[in-house]
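Inside the fold
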Amino acid sequence: MQFSYYISCLILLFYLGIQPDVQSYNTLIKALCDVRKWFDAQSLIREMEYAGIFPDALTYAYLMTGLVKAGKSRAALTLFESAILDPTTVKSTESPVVYTVAMEAAAAIGDIPRVMEILERMEASGIVPTLKTLTLVMQTNIRYGKHAVALEIYRGHFEKYDIKPDGLVISASIRALCGLGQFENAASTLSSYRGADRAMTGRQIMNAYGEILQSTLREERFDLAAEVFNEFLGANYIPSKSTYESILRGLRLVDTSRSGPRTTRPTNDCNEGLSVLSQEVIRDTGKNRHARFQFLLQIIDAVDQRKVPISGLFYSAAVREGTDMGDIYRELSLDMLRVRRGYKEDGDENHDNVELSSLTWQNALTARMSGEITLSSMPVLRVQIGKAEQRAVQLAEKAAVYRRMQKLKKEKEIASSPPSQDESSE
């Protein structure tokens, strides 16, 4: 047998006159798995059999967990099945820990039917699933789009086995409800569990709100999304960067194809930063884009009432979207740029010279539509730009100014061009 660390441990035990038992072997197996010595750990099980010591549930749990972490999930499943079929070891597998690890192995290779089959076999054997077991089953089904199955587990098994859901389970149930389009139920579930019992942590609550906002906005349920966001603010939560990113993902205004969200995909021309990221946005009708832009302004106004700044990423997305839509939306994007920079249209003056009012950005859009608004009376805009957001902001503002210059240049060319022959004859 190849010399290894566990041989030294066994020799030490014999030298001290201590007969190794199953707990000793389990400790060694876990230690070997922790240092990624999988083959030595498997050899140790054979050593146990030679010594007349039968593995117990922890023995298989430690070894199977080590194999899953090593990316050898199929080997872990093979070990599980062979132990169940062997009359001498089947009793050792009758533990929720062993079955849960087997489900982890099946989930790691994307074999969802195998996960559900192991759960059924577990229940048929009279083994009660634990909180960890049911959480794993729910999260695995959600990961592969089987939201109805996850919701069935949540509504049936937890009550059946009298298991109290924790924050992870509640979060998973909210994701399942959102995946099924049951946004009202998802919002009410979150409201009921964020009470005094504090079943969910603050981070879990924030992430759940982000999930609901993103899902409702993808289905263009702007009214419901606004209600959820107002409830979020009413519960004294402050939007984080993750919250803003969830909103922008729901509106399809960020690029998640690369590492981290991006509001731009740079090009080589002066229009850099203006390219629309999603083909779904390109196909949108004017009505949809107007509703999307109006929702962006609604978020800005709601956050401003709390005297809290929006993120640089959110600001750049609003400016870029308005610029790309053109006309009054582009003008409003320029208004936002001027207020943030604090200068008037014809000069680069001090921010004190820009008169800010209690006007909201939604009102400003309406006023722009009727041609009533001037820079002398503009809404407040609070923006906090992090280092990672500076480039996105620069590109969005650069695109807005560039489009404005192009428009003015075109208007000047039209005004200075000579009249046509038809116009001169008249």
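All values reported here derive from a predicted model rather than from experimental measurement. (Residues numbered from 1 in each chain as written. Predicted model: local features only at pLDDT ≥ 70, side-chain atom pairs only at ≥ 80, totals over all residues. Heavy atoms only, no water.)

We now examine the overall build of the protein chain. Helix and strand content of the protein chain: 22 helices and 4 strands. Residues classed as buried in the protein chain amount to 47% of the 426 residues present. Long-range pairs, those at least 24 residues apart, make up 64% of the contacts in the protein chain with a sequence separation of at least 6. Carbon and sulfur atoms make up 50% of the accessible area of the protein chain, which amounts to about 21,600 Å² in all. (Helix = DSSP H or I, 4+ residues; strand = E, 2+ residues; numbered from the N terminus. Buried < 20%, exposed > 50% of the residue type's maximum accessible area, 1.4 Å probe, protein only. Contact = heavy atoms within 4.5 Å. Areas by Shrake-Rupley, 256 points an atom, 1.4 Å probe, with all protein chains shown as cover.)

On to unusual backbone geometry. The residue D162 is not glycine, and still its phi comes out positive at about 55°. By the element assignment, D162 lies in the loop between helix 10 (147–160) and helix 11 (167–179). Phi at D327 takes a positive value of approximately 55°, unusual for a residue other than glycine. Here D327 is to be found in helix 19 (residues 327–341). Residue D327 is classed as exposed on the basis of its relative accessible area of 56%.

Okay, the pattern of salt bridges next. Counting across every chain of the model gives 16 salt bridges. Where K132 meets E104, a salt bridge forms, and the shortest distance between an N and an O atom there is 3.8 Å. Separated by 28 residues along the polypeptide, K132 in helix 9 (residues 131–143) and E104 in helix 7 (residues 96–108) bring together distant segments of the chain. Residue classification places K132 among the exposed positions, given a relative accessible area of 54%. The closest approach of N and O atoms between E397 and R340, which form a salt bridge, is 2.7 Å. Separated by 57 residues along the polypeptide, E397 in helix 21 (residues 390–416) and R340 in helix 19 bring together distant segments of the chain. For E397, a relative accessible area of 3% translates into the label buried. Owing to a relative accessible area of 28%, R340 belongs among the partly exposed residues under this scheme. (Salt bridge = Lys/Arg side-chain N within 4 Å of Asp/Glu carboxyl O.)

Running from N to C, helix 13 (residues 202–218) and helix 14 (residues 222–234) point in directions that differ by 165°, and their axes come no closer than 8 Å. When the interaxial angle is binned, helix 13 and helix 14 end up roughly antiparallel. For the pair helix 13 and helix 14, the sense of crossing is left-handed. Across the interface between the two elements, M206, Y209, I212, L213, T216 and L217 from helix 13 touch F222, L224, A225, V228, F229, E231 and F232 from helix 14. (Axes fitted to C-alpha atoms, helices over the stretch in contact; angles between N-to-C directions. Parallel < 35°, antiparallel > 145°, perpendicular 65-115°, else oblique. Left-handed = near helix turned anticlockwise from the far one by under 90°.)

What follows covers the confidence of the model for the protein chain. For the protein chain, mean pLDDT is 81; residues scoring 70 or higher make up 77% of the total. Note on residues 264–283: pLDDT is under 50 here. Beyond four places in sequence and across chains, it has 46 contacts. Residue range residues 343–354 is modelled with pLDDT below 50. Its contacts to residues more than four positions away, or to other chains, number 20 contacts. (pLDDT = per-residue confidence, 0-100.)

One can find L313 in helix 18 (residues 312–325). For L313, a relative accessible area of 7% translates into the label buried. Measuring from C-alpha to C-alpha, the distance between L313 and I385 comes to 7.7 Å, with 72 residues separating the pair along the chain.

Between its first and last C-alpha atoms helix 5 (residues 73–85) spans 19 Å; for 13 residues at 1.5 Å apiece the expected length is 18 Å, and the two agree. All buried positions along helix 5 are accounted for by S73, A76, L77, L79, F80, E81, A83 and I84. Contact partners of the buried residues in helix 5: helix 4 (57–69), helix 6 (90–93), helix 7 and helix 8 (112–124). (Expected span 1.5 Å × (residues − 1).)

The subject of this paragraph is the packing of helix 8 against helix 9. Two numbers describe how helix 8 lies on helix 9: the axes approach to 10 Å, and their chain directions differ by 155°. Taken as axis vectors, helix 8 and helix 9 run roughly antiparallel relative to one another. Note on packing geometry: the crossing formed by helix 8 with helix 9 is left-handed. Judged by residue contacts, I112, V115, M116, L119 and M122 of helix 8 engage T133, V137, T140 and N141 from helix 9. Residues belonging to the contact of helix 8 with helix 9 are distributed by class as follows: 6 nonpolar, 3 polar and no charged. (Nonpolar A, V, L, I, M, F, W, Y, C, P; charged D, E, K, R; others polar.)

Within the element layout of this structure, T100 appears in helix 7. Its relative accessible area of 4% is what places T100 among the buried residues. Leave out the neighbours within four places in its chain, and T100 touches T130, K132, T133 and L136.

This part takes up helix 15 (residues 241–250). Along helix 15, 7 of the 10 residues are buried, which leaves the element largely enclosed by surrounding structure. Buried within helix 15 we find T243, Y244, E245, S246, I247, L248 and G250.

What follows covers the packing of aromatic side chains. For the structure shown, the criterion picks out 9 aromatic pairs. With a centroid separation of 5.7 Å and an interplanar angle of 20°, the aromatic rings of F232 and Y237 are classed as stacked. Here F232 matches Y237 in class, with each residue buried. Among the aromatic residues, those joined into a cluster by ring pairs are Y209, F229, F232 and Y237. (Phe/Tyr/Trp six-rings, centres within 6.5 Å; stacked < 30°, edge-to-face > 60°.)

As a further point, take the environment of H147. Positionally, H147 belongs in helix 10. Sequence spacing of H147 and S173 is 26 residues, and the spatial spacing of their C-alpha atoms is 8.6 Å. Excluding residues that lie within four positions of it along the chain, H147 makes contacts with N141, I142, R175, A176, G179 and L180.

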